[in-house]
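Single-letter residue listing:
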Amino acid sequence: MTDKSPSIVVFAPSPQLTVTVEEVNGAPDVHIHAGGQGVWQARMVSVLGLPVTLCGAFGGETGQVLRGLLSGVGITVEALEVAARNGSYIHDRREGEREPLVEMAADPLSRHDLDDLYAVALREGLAAGTAILAGVAEKNVVPPSLYRRLVSDLTEMGCRVVVDLAGEYLEAAREGGPSVIKVSHEEVLAAELAEDDSEKALVRAAEHLAETGAELVLVSRAEKPAIARTADGIRLIEVPSLHHVDTRGAGDSMTAAVAVAMARGEDMESTLRLGGAAGALNITRHGLGTGEGETIRSIAEHVRLHSPD
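Residues numbered from 1 in each chain as written. Predicted model: local features only at pLDDT ≥ 70, side-chain atom pairs only at ≥ 80, totals over all residues. Heavy atoms only, no water.

Asker: It is not clear to me how empty space enclosed by the protein should be interpreted in this structure. Could you clarify?
Answerer: Over the atoms, a rolled probe matching the size of one water molecule traces out where space is still vacant. If you walk through the whole model with that rule in mind, you get one cavity of 30 Å³ or more. In this structure, the largest cavity spans a volume of roughly 40 Å³. Together, S14, P15, Q16, G87, A106, V136, A137, E138 and V141 line the largest cavity. The residue inventory of the lining of the largest cavity, partitioned by class, reads five nonpolar, three polar and one charged. (1 Å grid on protein atoms, 1.4 Å probe; cavity = no way out; pocket = protein on both sides within 12 Å on 5 of 7 lines; lining within 4 Å. Points joined across faces, edges and corners; volume = space filled by probe spheres on them. Nonpolar A, V, L, I, M, F, W, Y, C, P; charged D, E, K, R; others polar.)

Following this line, the structure appears as structure tokens:
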């Protein structure tokens, strides 16, 4: 039996249609993209040179537009056609900061749609060997139990599972025993897994999250060094200080880069450096989950890993 080339599947149950208004030379500049956590992660996997498949449900007018936007961007789409509409939003960024103008929630998926989506994600995850499970913008789109089933079943059959989730979705996924857990410090605090945002409290939270057997737990901390709990202990990921344009999506880029490095069989130090570099570059760009692979690898050489004081 020959070794297959590494690839990644991203489980993105309900991608979003995003409209962002910028300003160029004093005039409005409208950008329409496929978005949502899973889309941004899939985009970064593609940037870093691995084949990537996105599994999601698409329905309504927003779903039709999303299908078109995702074609030709280096992402293979396994689309489940459903009646439920995908969500969308319109943001105004002409003043520099995002101002939500309109936000339309996605419709919940039916029981039959959930069964079909699970089957597609299971099939594609086993074929790829590495799966990223992304969250949803609205809780009622899919139940947390779907993540528990997917993590457990994929892991049981040898697929490495990376989860980037929060709240009850994270707790459900943890029960399945994922290989990698990524969470932000805000999500840790919201789940009451730490008493405050101090480094010591967040390290304890990372240790707790690793108790289900994860080989890596990542806690991102905005502008502060991310915390990585590995089999060899705690490491802080200190990235170069770059001028930021938009901090949204930095954690998703980190998750995607970590999955890419692990799929390629890189050691933990290289994995953490690449993850830190992808997140650092993303904040310098207007597009979420974007960048240039060689630039990310160059930045990785300047990422410093060290133990807590």
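Asker: Teacher, can you tell me more about the sheet that holds strand β13 (residues 233-238) here?
Answerer: Where strands meet in a sheet, backbone hydrogen bonds hold them as pairs that are either parallel or antiparallel. Here 10 strands make up an open sheet; going across it, the order is β5-β4-β1-β8-β9-β10-β11-β12-β13-β14 and the pairing mixed. Bordering the open sheet on either side are β5 (76-81) and β14 (304-306), each of which pairs with just one other strand. The average angle at which neighbouring strand axes cross in this sheet is 20°, direction not considered. With five bridges joining them, strand β12 (residues 224-230) and β13 adopt antiparallel strand pairing. The residue bridging I227 from the neighbouring strand is L236, located in β13. The sheet strands contacting helix α1 (residues 37-47) are β1 (8-11), β4 (52-58), β8 (130-134) and β9 (160-164), and the helix crosses β4 at an angle near 160°. The strands touched by helix α4 (residues 144-156) within the sheet are β1, β8 and β9, with β8 carrying the most contacts at an inclination of about 170°. (Pairing = 2+ DSSP bridges. Helix = DSSP H or I, 4+ residues; strand = E, 2+ residues; numbered from the N terminus. Axes fitted to C-alpha atoms, helices over the stretch in contact; angles between N-to-C directions. Contact = heavy atoms within 4.5 Å.)

Asker: Looking at this model, I keep getting lost on the confidence of the model for the chain. Mind explaining?
Answerer: The predicted coordinates of low-pLDDT regions are not to be read in fine detail. For the chain, per-residue confidence averages 91 on the pLDDT scale, and 93% of positions sit at 70 or higher. With pLDDT under 50 throughout, residues 285-289 is counted as low confidence; its partners more than four residues away or in other chains account for 21 contacts. (pLDDT = per-residue confidence, 0-100.)

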